[in-house]
Amino acid sequence: MAGHSKYKNIMYRKGAQDKKRSGMFSKLSREITVAAKMGLPDPDMNPRLRAAVNAAKAQSMPKDNIQRSIDKATKGDAENYEEIRYEGFGPGGVSLIIEALTDNRNRTVTNVRTAVSKNGGNLGAPGSVSHAFDRMGLITYPAKAGDADTVFEAALEAGAEDVSSSEDGHEIWTEQGSLHEVARALEPVLGDAEGAKLAWRPQVMVEVGESDAGTLFKLIDALDDDDDVQTVWGNYEVPDAVMEKLG
């Protein structure tokens, strides 16, 4: 385990999720419904559903909304969503993996391609960038869950592969197949996680300068605004000095 690697969040820049709570609820609801439909509707018996419900609770999603999303799956009212992954490139040579849940593949690929091409990027063929990422489990906790040493010890005991702690929170990385097992083991010590999902961890980070960072963030925001897009992963690292200039 590498310990405190100061690994930066590769999903969204800080604060992006907080600005789009209604859109976030839509994405969380979709994930809950899909998870409930794929397995049992009981979070205690369905690890993916449990992770989805915990993620929704961490974002203060009302209990009624959570239950309604589960009920849609059990009553057969839910749309048939399929999981799709797009790969491509953004400004500054950044590699991007875009994960979507959609009931209309043609609509989604058109919207994703448009968002990427309008913001200095282009989509590639399947496998064009994913070979430069490792498929792993990612469990996230807020900073208040504990200090770095406490979280590190808990993660080590639970069987995690790596831990990164910063003022923004804690990221605990696991082997792909042990994500939910490690998440369960952490709960008695750290409480419910903010998130527990399969993730794409880049093998090498690309530092993005000021000229490309603004366009890159516009690209990520455009993708995040699409209800079908669940998560955007990238290998970008933006220096703090650049972040300050961008505000």
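Residues numbered from 1 in each chain as written. Predicted model: local features only at pLDDT ≥ 70, side-chain atom pairs only at ≥ 80, totals over all residues. Heavy atoms only, no water.

Per the secondary structure count, the chain includes eight helices and ten strands. Looking at the 247 residues of the chain, the share that counts as buried comes to 47%. Put simply, 75% of the contacts in the chain that link residues at least 6 apart link residues at least 24 apart. Split by element, the accessible area of the chain, about 12,200 Å² in all, is 47% carbon and sulfur. (Helix = DSSP H or I, 4+ residues; strand = E, 2+ residues; numbered from the N terminus. Buried < 20%, exposed > 50% of the residue type's maximum accessible area, 1.4 Å probe, protein only. Contact = heavy atoms within 4.5 Å. Areas by Shrake-Rupley, 256 points an atom, 1.4 Å probe, with all protein chains shown as cover.)

Counting buried residues along strand E5 (residues 162-166), four of its five residues qualify, which places the element largely inside the surrounding structure. Bridge count between E5 and strand E6 (residues 169-174): five bridges; the pairing is antiparallel. What sits directly across from Ser164, in E6, is Glu171. Counted between consecutive antiparallel strands, the loop separating E5 from E6 contains two residues. (Pairing = 2+ DSSP bridges.)

Turning our eyes to something else, we now look at a negative patch on the surface. The grouping of Asp147, Asp149, Glu153 and Glu157 at the surface amounts to a negative patch. In this structure, Asp147 sits in the loop between strand E4 (133-141) and helix H5 (148-158). (Patch = residues over 30% accessible without salt bridge, like charges linked within 9 Å, V, L, I, M, F, W, Y side chains within 5 Å. Salt bridge = Lys/Arg side-chain N within 4 Å of Asp/Glu carboxyl O. Lys, Arg positive; Asp, Glu negative; His and termini not counted. Charge placed at Lys NZ, Arg CZ, Asp CG, Glu CD.)

Below, the discussion takes up the pairing of strand E2 (residues 94-102). Among the nine residues in E2, nine count as buried, and that is most of the element. By the alternation rule, side chains of E2 split into Val94, Leu96, Ile98, Ala100 and Thr102 and Ser95, Ile97, Glu99 and Leu101, which are all buried. Once strand E1 (residues 82-90) ends, the chain turns through three residues before running back antiparallel as E2, passing Gly92 with a positive phi of about 75°. In this sheet, strand E9 (residues 229-234) lies alongside E2 in antiparallel orientation, the contact comprising five bridges. When the bridges of E9 are listed, Ala100 appears paired with Val229.

Here four strands make up an open sheet; going across it, the order is E3-E1-E2-E9 and the pairing antiparallel. Every interior strand has two partners, whereas the edge strands, strand E3 (122-123) and E9, have only one. As judged from the nine bridges shared by E1 and E2, these two strands associate in the antiparallel manner. For Glu87, the partnering residue across the bridge sits in E2 and is Ile97.

In this section: the packing of helix H2 (residues 47-58) against helix H6 (residues 179-190). Two numbers describe a pair of packed helices, the interaxial angle and the distance between the axes. Two numbers describe how H2 lies on H6: the axes approach to 10 Å, and their chain directions differ by 50°. By the angle class used here, H2 and H6 are oblique. Crossing handedness for the pair H2 and H6: left-handed. Each of Pro47, Arg48, Arg50, Ala51 and Asn54 in H2 lies in contact with H6, whose residues at this interface are His180, Arg184 and Glu187. Classifying every residue of the contact of H2 with H6 by side-chain character gives two nonpolar, two polar and four charged. (Axes fitted to C-alpha atoms, helices over the stretch in contact; angles between N-to-C directions. Parallel < 35°, antiparallel > 145°, perpendicular 65-115°, else oblique. Left-handed = near helix turned anticlockwise from the far one by under 90°. Nonpolar A, V, L, I, M, F, W, Y, C, P; charged D, E, K, R; others polar.)

A residue-level look at the chain finds 90% of positions with pLDDT of 70 or above and a mean pLDDT of 88. Considering each helix and strand of the chain separately, the mean pLDDT is smallest for helix H8 (residues 240-246), with a value of 78, and largest for helix H4 (residues 105-117), with 97. (pLDDT = per-residue confidence, 0-100.)

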